[in-house]
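Letter by letter, the chains look like this.
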Amino acid sequence: MGEEYKIQAFDADTQNLLKTALKDPASVDLEKVANVIVEQSLRDATFSKEAGKMCYTIIQAESKQTGRSVFRSALLNRLQSEYRNREEMRARSVQEWVCYVSFICNVFDYLRVNNVPMLALVNPVYDCLFELAQPESLQREEEVDCLVLQLHRVGEQLEKMNAQRMDELFSILRDSFLLQNGLG
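Residues numbered from 1 in each chain as written. Predicted model: local features only at pLDDT ≥ 70, side-chain atom pairs only at ≥ 80, totals over all residues. Heavy atoms only, no water.

Chemist: Lay out the side chain of Arg90 with the relevant residues and their values.
Modeler: Position of Arg90 relative to the elements: it lies in helix α5 (residues 86-92). Given the relative accessible area of 18%, Arg90 is considered buried. Among residues more than four places away in sequence, those in contact with Arg90 are Trp97, Glu136, Ser137, Arg140 and Glu143. (Helix = DSSP H or I, 4+ residues; strand = E, 2+ residues; numbered from the N terminus. Buried < 20%, exposed > 50% of the residue type's maximum accessible area, 1.4 Å probe, protein only. Contact = heavy atoms within 4.5 Å.)

Next comes the structure, spelled out in structure tokens:
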């Protein structure tokens, strides 16, 4: 199980905390677990792409064990807090920003309520993708790569949730590429 989730990057205590959270979530501080996962996701691009599955597993285990959603609430609160500070994050570190977008898209991809993606994440995910579609972002390879990857990963689900915003996103992308190629 430890190999299934990329937790080797953590110190031994944190690895134990995560392993316990995956199996017996009621026995650990789930808010701390959410913070650890978000912080590692902002630092580690590989982990940010995998962390949604871990979050999903903890949420399922907690729900089965206690019928509560402490971890999900803590995770969404932390994502929202980072989302509110995304402009400062991006100004500070494009790498951290790209990790955040990968992580929020990954969480959107895995977390479901009654088999439907979480409505609370639809607009924040769209907003992040819109920011990646701005001409300035399209000059940076890591932001373009992130945009393409996330559209492949969650584009179809996002479109089902809000087709109008997807149309707007593609209009912005089309216009940006036309401007870049001097055809505008």
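Chemist: Run through the nonpolar core, naming residues and quoting values.
Modeler: Within the largest apolar cluster, 57 residues are counted, with the highest numbers of intra-cluster contacts made by Val33, Ile37, Phe71, Leu75 and Leu129. The greatest single-element share of this core, amounting to 10 residues, is contributed by helix α6 (residues 94-110). The contacts of Val33, once residues within four sequence positions are left out, are Leu17, Leu18, Ala21, Val28, Ile58 and Phe71. (Core = buried A, V, L, I, M, F, W, Y, C linked by side-chain atoms within 4.5 Å.)

Chemist: Can you lay out the side chain of Asp109 for me, pointing to particular residues and giving the numbers?
Modeler: Within the secondary structure, Asp109 sits in helix α6. You can call Asp109 buried: its relative accessible area is 19%. In contact with Asp109, other than residues within four places in its own chain, are Arg153, Val154 and Gln157.

Chemist: Mind laying out the packing of helix α4 (residues 70-84) against α6, listing which residues take part and the relevant values?
Modeler: Closest axis-to-axis distance for the α4/α6 pair is 12 Å, and the angle between their directions is 145°. For the pair α4 and α6, the sense of crossing is left-handed. On the side of α4, the interface is formed by Leu75, Leu79, Glu82 and Tyr83, while α6 contributes Tyr100, Phe103, Ile104 and Val107. Split by residue class, the contact of α4 with α6 holds seven nonpolar, no polar and one charged. (Axes fitted to C-alpha atoms, helices over the stretch in contact; angles between N-to-C directions. Left-handed = near helix turned anticlockwise from the far one by under 90°. Nonpolar A, V, L, I, M, F, W, Y, C, P; charged D, E, K, R; others polar.)

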